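# Close look at the chain arrangement
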Amino acid sequence: MSLNQTIDGIYRSHSRRVLATLIRLLGDFDRAEEALHDAFAAAAQQWAEEAIPANPYAWLVSAGRFRAIDHIRRRTRFDAARSDIANSLYPEGEAMETSEHEEIEDDMLRLIFTCCHPLVPAEARMAMALREVCGLTTEEIAHAFLIPAPTVAQRIVRAKNRIRAAHVPYEVPGKTELPERLAQVLHVIYLVFNEGYSASSGSAIVRADLAAEAIRLGRLLLQLLPDPEVEGLLAIMLLQDSRRLARTDASGDLVLLVDQDRALWDRSQIREGLMLSARAMAAESIGGYALQAAIAAEHARAVTADDIDWRQLVMLYDLLLTASPSPVIELNRAVAVSMRDGPAVALSIVDGLLQEERMARYHLTHAAKADFLRQLGRSDEARQSYERALSLCHQAPEQAFLRKRLAELDDKAR
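Conventions and cut-offs
- Residues numbered from 1 in each chain as written.
- Predicted model: local features only at pLDDT ≥ 70, side-chain atom pairs only at ≥ 80, totals over all residues.
- Heavy atoms only, no water.
- Helix = DSSP H or I, 4+ residues; strand = E, 2+ residues; numbered from the N terminus.
- Rg over C-alpha atoms; globule rule 2.2 N^0.38 Å.
- Buried < 20%, exposed > 50% of the residue type's maximum accessible area, 1.4 Å probe, protein only.
- Contact = heavy atoms within 4.5 Å.
- Lys, Arg positive; Asp, Glu negative; His and termini not counted.
- Charge placed at Lys NZ, Arg CZ, Asp CG, Glu CD.
- Phe/Tyr/Trp six-rings, centres within 6.5 Å; stacked < 30°, edge-to-face > 60°.
- Lys NZ or Arg CZ within 6 Å of the ring centre and 35° of its normal.
- Domains from an automatic or database assignment.
- UniProt positions renumbered as here; feature names shortened; annotations may be inferred.
- Core = buried A, V, L, I, M, F, W, Y, C linked by side-chain atoms within 4.5 Å.
- Expected span 1.5 Å × (residues − 1).
- Axes fitted to C-alpha atoms, helices over the stretch in contact; angles between N-to-C directions.
- Left-handed = near helix turned anticlockwise from the far one by under 90°.
- Nonpolar A, V, L, I, M, F, W, Y, C, P; charged D, E, K, R; others polar.
- Salt bridge = Lys/Arg side-chain N within 4 Å of Asp/Glu carboxyl O.

### Side note on the overall build of the protein chain
- Along its length, the protein chain carries 20 helices and zero strands.
- Its C-alpha atoms give the protein chain a radius of gyration of 24 Å, near enough to 22 Å, the size a compact globule of 414 residues would have.
- Across its three principal axes, the protein chain shows a C-alpha extent of roughly 75 × 55 × 40 Å.
- Looking at the protein chain as a whole, 49% of its 414 residues are labelled buried.
- For the protein chain, the proportion of contacts with a sequence separation of at least 24, taken over those separated by at least 6, is 63%.
- Seen as two clouds, the 48 positive and the 59 negative side-chain charges of the protein chain have centres 2 Å apart.

Right under this line is the structure:
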């Protein structure tokens, strides 16, 4: 593997964690992002001349902070305050090595709580978290939320300005504040995991680094605040991630859940996920994450696809819709309904969902409709829905799967 490939791999896997630590050290989002890019530029130059350090992540944190403070010191002609900032962040004579490595593990959670602070406008929290924690582009976030990219960019800028102006603390709040801020943080961790479990765009289905980071954050949050919904979220992530190796074949093509080789599923993750799911469902109050975990648990317990209890799954989806109404959950329920009652009943559900603008722009709504139409033998209509789904899809493996479905329809028509 070349040096550039190694650095690219480190950037994909760990740049967000390095950024989170730099935000804590430098106290400013924009300054930290500039420092992150400076650090990787320095790595490309210095690692070509020297060996890659034993701890490249700590090296990058130190390099980024050093260069940020060096930039500030070189601008001291602007005003004395900038010099004071530089001296407070990086005193003269301090060694480049950082002693902050022990705290790096917590910085991502600090970053999430900062993005979800009550002073940050509600409509900006999720967009900012996806940008800073996942590293998604504004275009990718806009696609996820079905809103214009300039709107996303404006929200993120406003959020950063609010954090800077209000001096929002970069910290995990105390235990008395944790419960009231838990829902937003759980939602962000869930979004991080979903982006790792099923990337919104690109050449791969899975971003294993993001999925693993979300699971790590879930474990850390459970230590801070033992709560049934935290248990439920961690259970969902473990149970879904347990299937990672079975979700694609040797060629990298998508494999549907019912067709997966269950021998490839991670049994240790399933055992832990089932235990956490049972605890979450035994709580006095059962929330949305606990119910989603129960749905994932039904799939995990089935020895084969034929053993899945679709009646139980539809019942759980009904409870979930009561607890957390969502058209995406309704779409997932429709798939379970198709297995219980047949594709015609499920098709009527999806047709109703397509009346909503957001769902009409969601490629999986059209893909589900196409599948139901194909099962009903309505090939021409199925082809139209597959083509619509393909036009809205941004992920290469899903695009390949949809093209395969279209090819199958064409072969059948001949």
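Now that the structure has been shown, we can carry on.
### Side note on the packing of aromatic side chains
- By the definition in use, this model includes four aromatic pairs.
- On the basis of an interplanar angle of 75° and a centroid distance of 4.9 Å, the ring pair of Tyr11 and Phe40 is categorised as edge-to-face. Of this pair, Tyr11 sits in helix α1 (residues 3-26) while Phe40 sits in helix α2 (residues 29-49); the two residues are 29 residues apart in sequence, bridging distant segments of the chain.
- Phe40 sits in the buried class, given a relative accessible area of 8%.
- Here Arg243 stacks its cationic end above the ring of Trp265, 5.8 Å away from the centre of that ring.
- One residue, Arg247, lies across the ring of Tyr197, its end atom 3.8 Å from the ring centre.

### Here's the deal with the domain arrangement of the protein chain
- Segmentation of the protein chain into domains returns domain 1 (1-80) and domain 2 (309-413).
- For domain 1 and domain 2, the distance between their C-alpha centres works out to 44 Å.

### Digging into the environment of Met237
- For Met237, the location among the structural elements is in helix α11 (residues 228-241).
- Judged by its relative accessible area of 0%, Met237 is buried.
- In this structure, the C-alpha to C-alpha distance between Met237 and Pro325, residues 88 residues apart in sequence, is 20 Å.
- Ignoring sequence-local partners within four residues, the contact set of Met237 consists of Ile189, Phe193, Ala214, Ile215 and Gly218.

### Quick look at the UniProt feature "domain: DUF6596" (unreviewed entry) in the protein chain
- The UniProt record annotates "domain: DUF6596" (unreviewed entry) at residues 181-281.
- The annotated region residues 181-281 carries 62% helix and 0% strand content, and the separation between its end C-alpha atoms amounts to 22 Å.

### Quick notes on the nonpolar core
- The biggest cluster of nonpolar side chains holds 80 residues, and the ones touching the most others in it are Leu22, Leu60, Leu111, Ile112, Ile189, Leu221 and Met237.
- The leading source of residues in this core is helix α9 (residues 178-197), at eleven residues.
- By size, the runner-up hydrophobic cluster in this structure holds 20 residues, among which are Ala389, Cys393, Leu402 and Leu406.

### Considering helix α20 (residues 396-413)
- The end-to-end C-alpha separation of α20 is 26 Å, in line with the 26 Å expected for 18 residues at 1.5 Å each.
- Along α20, the residues classified as buried are Pro397, Glu398, Gln399, Phe401, Leu402, Arg405, Leu406 and Leu409.
- Where α20 is buried, its residues contact α18 (363-375) and α19 (379-392).

### Re the packing of α2 against helix α3 (residues 56-74)
- The geometry of α2 relative to α3 is characterised by a closest axis approach of 8 Å and an angle of 115° between their N-to-C directions. Between α2 and α3 the crossing geometry is right-handed. Residues Arg31, Glu34, Ala35, Asp38, Ala39, Phe40, Ala42, Ala43, Gln46 and Trp47 of α2 touch α3, and the partners they reach there are Pro56, Trp59, Leu60, Ala63, Gly64, Arg67, Ala68, His71 and Ile72.
- Of the residues belonging to the contact of α2 with α3, the class tally is twelve nonpolar, three polar and four charged.

### Let's talk about the pattern of salt bridges
- Summed over all chains, the structure comprises 24 salt bridges.
- A salt bridge links Asp28 to Arg164; its shortest N-O distance comes to 3.0 Å. Placement of Asp28 in the loop between α1 and α2 and of Arg164 in helix α8 (residues 149-166) is noted, with a sequence separation of 136 residues between them.
- When its relative accessible area of 13% is taken as the criterion, Asp28 is described as buried.
- Note that Glu408 is salt-bridged to Arg405, the shortest N-O span being 3.4 Å. Of this pair, Glu408 and Arg405 both sit in helix α20, three residues apart, roughly one helical turn.
- Of the residues examined, Arg405 reaches a relative accessible area of 14% and is grouped as buried.

### Here's the deal with the environment of Cys115
- Looking at where Cys115 falls in the secondary structure, it is placed in helix α5 (residues 101-115).
- Taking the C-alpha atoms as reference, Cys115 lies 9.0 Å from Ala127; in sequence the two are twelve residues apart.
- Look past the residues within four positions of Cys115 in its chain and what remains in contact with it is Val120, Arg125, Met128 and Ala129.

### Some words on the environment of Gly288
- With respect to the helices and strands, the residue Gly288 is situated in helix α13 (residues 288-301).
- Exposure remark for Gly288: the relative accessible area of 9% places this residue in the buried category.
- In this structure, the C-alpha to C-alpha distance between Gly288 and Asp38, residues 250 residues apart in sequence, is 42 Å.
- Setting aside residues up to four positions removed in sequence, Gly288 forms contacts with Glu229, Leu320 and Ser324.

### A look at the side chain of Thr365
- By the secondary structure assignment, Thr365 is in helix α18.
- A relative accessible area of 0% means that Thr365 is categorised as buried.
- In this view, Thr365 contacts Leu331, Val350, Leu354 and Met359; residues no more than four positions away in its chain are not counted.

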